[in-house]
Protein chains: 6
Amino acid sequence: MSTDVPKTIIDATITAAFAEDLGLAGDLTTDAILRATWTATGAIAAREAGIVAGLPVATAAFHHLDPAMTVNAKVADGSRVEPGTVVAELSGKARAMLSAERIALNFLGRMSGIATLTRTFVDAVAGTRAQIVDTRKTTPGLRAFEKYAVRAGGGMNHRVGLFDAVLIKDNHVALAGGIGLAVTAARQRVGHMVKIEVEVDTLDQLDELLEHGADAVLLDNMPPETMAEAVRRINGRMISEASGGIRLETVRAIAESGVDLISIGALTHSARVLDLGLDCSVAKSS
Amino acid sequence: MSTDVPKTIIDATITAAFAEDLGLAGDLTTDAILRATWTATGAIAAREAGIVAGLPVATAAFHHLDPAMTVNAKVADGSRVEPGTVVAELSGKARAMLSAERIALNFLGRMSGIATLTRTFVDAVAGTRAQIVDTRKTTPGLRAFEKYAVRAGGGMNHRVGLFDAVLIKDNHVALAGGIGLAVTAARQRVGHMVKIEVEVDTLDQLDELLEHGADAVLLDNMPPETMAEAVRRINGRMISEASGGIRLETVRAIAESGVDLISIGALTHSARVLDLGLDCSVAKSS
Amino acid sequence: MSTDVPKTIIDATITAAFAEDLGLAGDLTTDAILRATWTATGAIAAREAGIVAGLPVATAAFHHLDPAMTVNAKVADGSRVEPGTVVAELSGKARAMLSAERIALNFLGRMSGIATLTRTFVDAVAGTRAQIVDTRKTTPGLRAFEKYAVRAGGGMNHRVGLFDAVLIKDNHVALAGGIGLAVTAARQRVGHMVKIEVEVDTLDQLDELLEHGADAVLLDNMPPETMAEAVRRINGRMISEASGGIRLETVRAIAESGVDLISIGALTHSARVLDLGLDCSVAKSS
Amino acid sequence: MSTDVPKTIIDATITAAFAEDLGLAGDLTTDAILRATWTATGAIAAREAGIVAGLPVATAAFHHLDPAMTVNAKVADGSRVEPGTVVAELSGKARAMLSAERIALNFLGRMSGIATLTRTFVDAVAGTRAQIVDTRKTTPGLRAFEKYAVRAGGGMNHRVGLFDAVLIKDNHVALAGGIGLAVTAARQRVGHMVKIEVEVDTLDQLDELLEHGADAVLLDNMPPETMAEAVRRINGRMISEASGGIRLETVRAIAESGVDLISIGALTHSARVLDLGLDCSVAKSS
Amino acid sequence: MSTDVPKTIIDATITAAFAEDLGLAGDLTTDAILRATWTATGAIAAREAGIVAGLPVATAAFHHLDPAMTVNAKVADGSRVEPGTVVAELSGKARAMLSAERIALNFLGRMSGIATLTRTFVDAVAGTRAQIVDTRKTTPGLRAFEKYAVRAGGGMNHRVGLFDAVLIKDNHVALAGGIGLAVTAARQRVGHMVKIEVEVDTLDQLDELLEHGADAVLLDNMPPETMAEAVRRINGRMISEASGGIRLETVRAIAESGVDLISIGALTHSARVLDLGLDCSVAKSS
Amino acid sequence: MSTDVPKTIIDATITAAFAEDLGLAGDLTTDAILRATWTATGAIAAREAGIVAGLPVATAAFHHLDPAMTVNAKVADGSRVEPGTVVAELSGKARAMLSAERIALNFLGRMSGIATLTRTFVDAVAGTRAQIVDTRKTTPGLRAFEKYAVRAGGGMNHRVGLFDAVLIKDNHVALAGGIGLAVTAARQRVGHMVKIEVEVDTLDQLDELLEHGADAVLLDNMPPETMAEAVRRINGRMISEASGGIRLETVRAIAESGVDLISIGALTHSARVLDLGLDCSVAKSS
């Protein structure tokens with residue numbers, strides 16, 4: 001998990017979040033009660049167990065209001081935390097700390113929630129060859145953050161968007177007039193660095209695809225035993241991905257079919273937030 | 001539920017979502033396989049029961065790629081849908097329909113998920129005086145959409161941000177040197193159209209607040225019986241809000257204490273998506 | 001006067017102002033004549049008496065072109081200045097000082113002009129209970145700056161925009177079918193932290209409003225004696241605001257009617273600039 | 001007065017103005033009381049005499065919320081209006097008309113105020129050769145609109161910004177080591193389409209400038225008789241501009257000195273708004 | 001050549017181009033001389049032979065100033081044109097046509113220039129298996145347009161940016177401690193839809209890479225005979241790309257070595273514009 | 001060559017370039033292989049002879065990813081470099097150096113290419129009075145950078161855009177009803193700081209223009225002997241500019257006709273990139 005979200009994206013998204021929360025008038029409560037010169041120290045701690053993700057983003061949120069604030073991450077993104085684990089310590093302007101708290105936690109909680117859910121799935125398939133991957137079912141505007149959180153949780157990323165890989169779905173196949181024609185059309189359009197994956201719903205479709213070849217195949221909504229047969233037929237000639245309504249209760253059986261990848265929309269569309277909180281202590285100064 | 005999200009916000013957010021999904025190269029798959037002249041009809045249907053919200057936003061997504069697409073909403077935001085209920089019918093350019101599908105559904109699914117969860121809480125307190133309200137624990141960049149979805153689900157909105165109302169929390173009280181000083185400082189800073197709410201953790205703090213007065217009181221993490229005593233002491237002099245870790249299992253008991261409002265962060269930070277899908281049929285033309 | 005305009009708004013507005021003044025080619029004159037290495041010291045001084053406002057904004061303007069420039073405010077926003085009073089001393093790159101001068105002064109002069117006009121009204125009602133408040137008649141794009149300047153002048157802010165409070169005007173009452181129906185419709189739509197104010201033109205309308213209740217009443221264009229009768233009838237049950245063409249010559253009489261607030265559009269739509277100037281001295285270096 | 005502000009600038013500025021006024025929640029009052037389907041007709045009328053400017057901008061404001069609204073200008077920008085003169089008639093969605101009213105009037109009132117003040121100065125120098133021109137003392141973010149309003153009032157524009165012409169002020173002359181050196185440095189830097197103007201404070205400086213030549217001379221703060229002597233010495237070899245604290249009471253005497261141009265900062269920094277209002281009538285429909 | 005640049009990118013880039021050319025004051029010349037009501041017809045024609053690309057972008061430029069202008073493309077992007085070939089016919093507002101002319105032609109000329117140069121290379125390797133591909137040496141801000149122009153010229157696109165594919169260069173290999181370690185590190189980081197290409201400078205490095213495997217190999221700066229030997233050793237197990245200073249005089253020899261791809265930075269960094277012009281005829285109306 | 005591109009423009013353009021190259025996922029290769037803590041030193045060197053331009057822009061690119069990177073320019077923009085000349089030395093974070101390399105070089109190569117081509121033309125007319133000037137045939141979005149590069153190469157800038165000077169072309173003359181009417185219309189519209197240039201195709205048109213006067217004349221597509229006759233007739237009363245398809249082979253003859261300026265579109269529309277490269281050495285640290 002070595003890659004951060006590009007700085008430009010973090011900056012723009014943080015700025016939009018503050019615009020939303022501060023409006024034209026700023027933090028009425030904090031500005032009325034705290035003097036501008038007061039400083040504070042604080043600690044962000046987990047209030048439940050999970051996987052933390054988003055500390056660089058939370059840091060950027062505090063720096064938006066106080067560029068000189070010290071933010072020391074005590075754990076790395078991707079670490080497991082327990083209730084009470086301190087994930088970062090802060091020291092800086094008191095107003096900035098209070099006014100940025102909610103935005104920092106909104107990012108951190110959501111990203112940690114995704115990482116935590118991802119890890120649950122990753123753990124459920126431990127020992128199999130299957131990797132857990134995300135989908136394009138991400139929150140509008142936050143895809144870079146959510147795909148990063150999936151990686152922090154031990155998952156891998158599927159294509160980022162419609163632009164960086166080809167995924168031929170059933171609609172496309174029908175319109176192209178068959179799997180072979182669809183793959184050919186895609187191959188003619190895209191460059192040599194773009195992979196092509198094709199969705200198949202049945203073993204017959206898989207056989208047809210195997211005749212034409214592709215980089216990967218999406219096995220849609222197959223029961224485990226059919227999935228296993230599909231893996232046998234593929235025999236390593238393509239990357240195999242299982243997809244379609246896979247839940248925590250069913251993921252292990254799918255994984256044991258031997259597929260390379262299991263994609264799960266819920267990682268990003270239905271994770272609940274991880275509960276983290278900020279405790280702070282303000283030093284009044286003249 | 002009469003208010004839409006301002007058009008400027010919808011436009012900017014939709015544009016950012018397409019930038020994220022189309023990148024520099026667009027929808028490689030669809031552009032390779034469908035001709036630009038082909039048209040399509042489609043229907044968005046619920047795949048599970050819930051409350052729908054976000055149809056104007058989904059419509060804007062399709063219009064982003066095809067301004068002339070016909071999008072007929074078959075139900076209004078806030079309606080209950082069952083599996084199979086068609087929520088909108090589409091007719092327009094085939095490429096635009098396929099390329100916009102995921103973004104439209106990402107908005108619609110998230111907003112409907114929030115509306116559905118909100119309605120669950122609203123139903124759970126039916127017959128009491130309590131209203132369900134949201135918090136600032138929203139997804140960065142999507143607050144306007146999520147607060148709207150809460151209203152679609154039958155909830156009400158708490159303050160929009162730090163700028164439109166005062167909420168004096170325990171930190172602020174401690175720094176101001178007491179509840180009375182905190183309220184006075186806030187009142188001096190803000191105009192006559194801004195309401196002031198104060199968080200109290202105990203009945204003693206409540207008594208102190210009642211001496212000074214405010215527009216509303218947030219009763220934090222009190223058991224139902226303490227909440228009921230608080231309501232008796234307030235006796236209609238302030239709006240009373242229950243807050244703090246309230247779950248579906250506990251919300252009814254809290255509501256029966258007689259509070260005016262119950263605020264629930266989970267409405268926006270832990271709703272799972274409502275499953276909706278698009279089925280479409282493409283007409284090939286020359 | 002403890003609150004600044006949010007940093008994001010200052011940054012964006014300053015950037016737009018420089019885009020407007022520097023275009024693609026920059027400051028042709030200064031760049032042709034001054035070497036990039038030269039430094040300068042300068043002082044911004046008032047050229048007439050008034051109330052200063054906007055020093056943090058002027059500072060941000062100089063920092064836009066020279067982040068390392070030293071800008072020492074010698075007085076605080078809200079201070080009264082006399083001709084010759086130095087309000088800030090500067091030290092930094094000479095080119096940046098000359099090129100940013102006009103933008104810094106354009107902000108400072110406008111904001112100080114508003115603060116000065118506000119103070120004139122505030123002084124005119126000294127000793128009464130009336131506070132001077134602004135309106136939405138602000139310069140497009142500069143509302144945050146102008147509302148801040150009103151506070152710096154000793155006034156208070158009315159609602160920021162259409163979004164943070166309800167103000168039911170005569171049009172709305174007519175369309176709703178009466179004051180009571182209008183208030184009810186608004187109350188159903190908005191959350192508990194949003195105040196509702198209603199405009200009335202006559203004492204009869206006021207009586208009708210008093211039956212239904214609201215947070216505040218706008219008494220539109222009433223002569224002082226009627227205003228006084230209105231205040232008697234309200235008897236502290238609502239906040240009372242006088243509005244409508246109130247001028248410096250008439251404001252005292254209105255204030256003595258006992259109203260809580262007097263709103264004056266001219267504070268932001270017809271203030272003239274306060275005259276301030278920058279004198280600087282350049283040190284030529286190699 | 002044939003040129004409009006570029007469309008891109010109008011669009012961006014209007015969008016920013018609505019963002020400011022509608023926030024995340026929109027027009028709470030109007031949305032609560034008016035149904036989305038209701039339509040309205042309206043008329044914008046002057047409430048005092050003056051010169052109108054900004055009708056295309058006001059039109060764009062209404063179109064922002066209702067692209068199909070009919071907005072018929074009844075007079076052209078630059079026309080003189082009397083109290084009661086209808087300047088535009090509107091027909092469209094009722095909500096859009098009420099919600100856009102203030103923004104449309106804020107632009108129209110400010111721009112008309114500038115046009116009106118400009119015309120007052122223009123009329124004061126009627127019969128002389130002097131033209132009234134503006135300065136860079138404009139409202140940040142609105143320079144294009146304000147320079148257009150000056151033209152609508154019968155004035156002419158000075159340079160737009162620091163980038164489109166050279167204006168060598170006393171500071172620059174001192175730093176360059178003399179007028180000749182300053183002009184030479186500027187001429188070397190800029191292209192052949194850029195004019196050069198030089199500020200002089202005395203007749204001696206003027207003589208020095210006449211030796212070196214320039215496109216225009218700014219005669220700063222000279223009494224009328226000195227100004228007249230300056231005009232004699234210039235003898236048509238350069239454009240002559242009078243500047244510096246010129247007021248309505250003094251402008252005629254300055255004009256009669258024979259200068260080509262009189263620049264007046266107050267046109268844009270101290271104009272008060274022209275009072276215009278919107279009356280509308282709503283048709284309730286199902 | 002079936003894919004356009006995403007609409008959002010076209011809109012944003014066109015808007016920026018007009019901001020650059022119209023500034024705050026617009027087209028001074030055209031606005032002074034042409035009346036707003038005049039209309040015009042026009043034709044864009046090639047003034048030299050080449051491949052046209054960018055007609056949808058030129059169209060968008062005209063529509064920016066006159067959304068109702070009729071723009072009929074007479075040829076498709078990718079077509080060969082001769083001197084005098086009309087590529088589009090226009091009909092609309094005269095001012096818009098003149099004011100948008102240069103921006104439309106600036107896009108069209110640059111994109112056609114790239115398409116033309118690409119076609120020259122494509123023709124030079126006709127009959128071999130080699131395809132001509134572009135690089136990341138594009139004009140900042142115009143990558144989407146330039147990659148599209150390469151496709152219009154018959155070339156294919158290499159990766160779009162640093163984000164959609166892995167290209168391990170000599171620096172990376174050295175830092176990873178060898179080709180195998182570099183490939184492994186990349187494979188662990190990226191998802192299954194991301195291809196990995198590795199640069200090799202010698203046949204020994206190629207052999208090392210063949211042991212570890214990758215999706216593609218960049219053969220850097222090899223003479224044709226070495227290239228041919230490399231192709232033999234690869235034997236279809238990876239996509240082979242020749243790169244490094246390949247010119248029109250040398251490209252055929254490289255292609256005959258049997259490589260799959262030849263990447264050429266000059267396509268986008270050193271194409272000269274294709275000369276096209278607009279002739280128009282204005283109809284004066286009242 | 002004393003003026004930089006305004007900082008706001010550099011920042012916005014650099015940010016857009018990184019958005020284009022880093023997408024949502026960043027530099028996959030570098031992030032996979034280099035640790036975040038590693039540092040590097042590097043040198044940018046010319047690989048062919050030419051004139052360098054754009055070092056401040058390249059510096060800004062590296063600072064975008066590592067604000068603390070040391071970038072020491074070893075030569076000034078406008079300097080002639082030979083193959084191997086080091087133009088800048090770098091020291092900072094290794095990832096930032098590798099990830100920013102291409103963007104920095106894309107700016108530097110393009111700008112240096114323009115400066116180099118400009119210098120070639122400047123040298124070709126050495127000893128004549130003619131100056132080489134650019135046109136509006138610039139790359140969309142990069143006009144400020146390209147006009148600066150022309151100055152770095154020893155050329156001068158024509159007008160920046162349609163907004164800062166009047167250039168009356170044949171179309172305009174025809175529509176105005178003659179040269180005199182066109183000049184008059186323009187003079188009425190624009191302020192005193194705006195110059196007016198008129199295009200003439202024949203000596204007869206020139207004579208007509210000389211009767212009415214203007215600041216400059218564009219002599220379009222005349223052979224050298226006609227140009228010389230035109231210069232004689234102008235006799236210093238206007239600035240004379242030769243334009244229209246002038247190539248390196250023909251520019252000297254044109255210059256010897258005595259014109260003041262020669263404008264050449266190819267400077268910005270058909271310059272090829274100057275080849276520069278970055279060599280860097282990474283220090284692995286823990």
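> So what about the pattern of salt bridges? Which residues, and what values?
Under the defined criterion, the tally for this structure stands at 90 salt bridges over all chains. Here R247 of chain D ties to E249 of chain D by a salt bridge, and the two come within 2.9 Å at their closest N and O atoms. Judged by relative accessible area, which is 60%, E249 of chain D ranks as exposed. Its salt-bridge partner being R143 of chain F, residue D21 of chain E comes within 2.5 Å of it at the nearest N-O pair. Of this pair, D21 of chain E sits in helix α1 (residues 7-22) while R143 of chain F is found in helix α5 (residues 143-152), placing the two residues in two different chains.

> So, the environment of R80 of chain F: which residues are in play, and what are the values?
All names here are of chain F. Position of R80 relative to the elements: it lies in strand β4 (residues 80-81). The exposure class of R80 is partly exposed, given its relative accessible area of 48%. Taking the C-alpha atoms as reference, R80 lies 40 Å from L206; in sequence the two are 126 residues apart. The residues touching R80, leaving out its near neighbours within four places in the chain, are G50, I51, R119 and D123. In terms of polar contacts, R80 uses its side chain to reach the side chain of D123, at 3.4 Å.

> Could you give an account of the nonpolar core, with specific residues and numbers?
Within the largest apolar cluster, 607 residues are counted, with the highest numbers of intra-cluster contacts made by I262 of chain A, I262 of chain B, I262 of chain C, I262 of chain D, I262 of chain E together with I262 of chain F. If we ignore the near neighbours within four places in the chain, the residues touching I262 of chain E are V125, A130, Q131, I132, V133, A242, I246, V251, I254 and A255 of chain E.

> Give a detailed account of the relation of the copies chain B and chain A, specifying residues and quantitative values.
Aligned on chain A, chain B shows an RMSD of 0.0 Å; the corresponding rotation is 180° and the shift along the axis is 0.0 Å. Given the turn and translation reported, the copies of this chain are related as if by a two-fold rotation axis.

> I'd like to hear about the interface of chain B and chain A, residue by residue, with values.
Contacts between chain B and chain A engage 59 residues on the former and 60 residues on the latter. Both faces considered, chain B and chain A share a buried interface measuring about 5,000 Å² in area, 60% of it formed by carbon and sulfur atoms. Taken as a group, E20, L28 and L175 of chain B account for 15% of the area that chain B buries against chain A, more than any other trio of residues on that side. Seen at the junction of chain B and chain A, the total is 36 residue pairs in polar contact (both at pLDDT 80 or more). Taken together, the elements giving at least two residues each to the side of chain B that touches chain A come down to α1 (7-22), α2 (28-33), α4 (94-124), β7 (166-168), α6 (170-176), α7 (179-189), α11 (266-269) and β12 (276-283) of chain B.

> Quick rundown of the packing of aromatic side chains? Include the residues and the values.
Summed over all chains, the structure comprises 9 aromatic pairs over all chains. Between the aromatic rings of F107 of chain A and F145 of chain A, the centroid separation amounts to 5.6 Å while the plane-to-plane angle is 45°, which identifies the pairing as tilted. Of this pair, F107 of chain A sits in helix α4 (residues 94-124) while F145 of chain A sits in helix α5 (residues 143-152), and the two are 38 residues apart along the sequence. Exposure class is identical for F107 of chain A and F145 of chain A. Each is buried. Where F163 of chain B meets F163 of chain C, the ring centres are 5.9 Å apart and the plane angle is 70°; that geometry is what we call edge-to-face. In this pair, F163 of chain B is assigned in the loop between α5 (143-152) and β7 and F163 of chain C in the loop between α5 (143-152) and β7 (166-168), connecting two distinct chains. For the pair formed by F163 of chain B and F163 of chain C, the shared burial category is buried.

About the thresholds
- Residues numbered from 1 in each chain as written.
- Chains lettered and ligands numbered in written order.
- Predicted model: local features only at pLDDT ≥ 70, side-chain atom pairs only at ≥ 80, totals over all residues.
- Heavy atoms only, no water.
- Salt bridge = Lys/Arg side-chain N within 4 Å of Asp/Glu carboxyl O.
- Buried < 20%, exposed > 50% of the residue type's maximum accessible area, 1.4 Å probe, protein only.
- Helix = DSSP H or I, 4+ residues; strand = E, 2+ residues; numbered from the N terminus.
- Contact = heavy atoms within 4.5 Å.
- Polar contact = N/O pair within 3.5 Å; in protein donor to acceptor, adjacent residues only side chain to side chain.
- Core = buried A, V, L, I, M, F, W, Y, C linked by side-chain atoms within 4.5 Å.
- Least-squares fit on C-alpha atoms with pLDDT ≥ 70 in both.
- Buried area = accessible area lost by both parts, 1.4 Å probe.
- Phe/Tyr/Trp six-rings, centres within 6.5 Å; stacked < 30°, edge-to-face > 60°.

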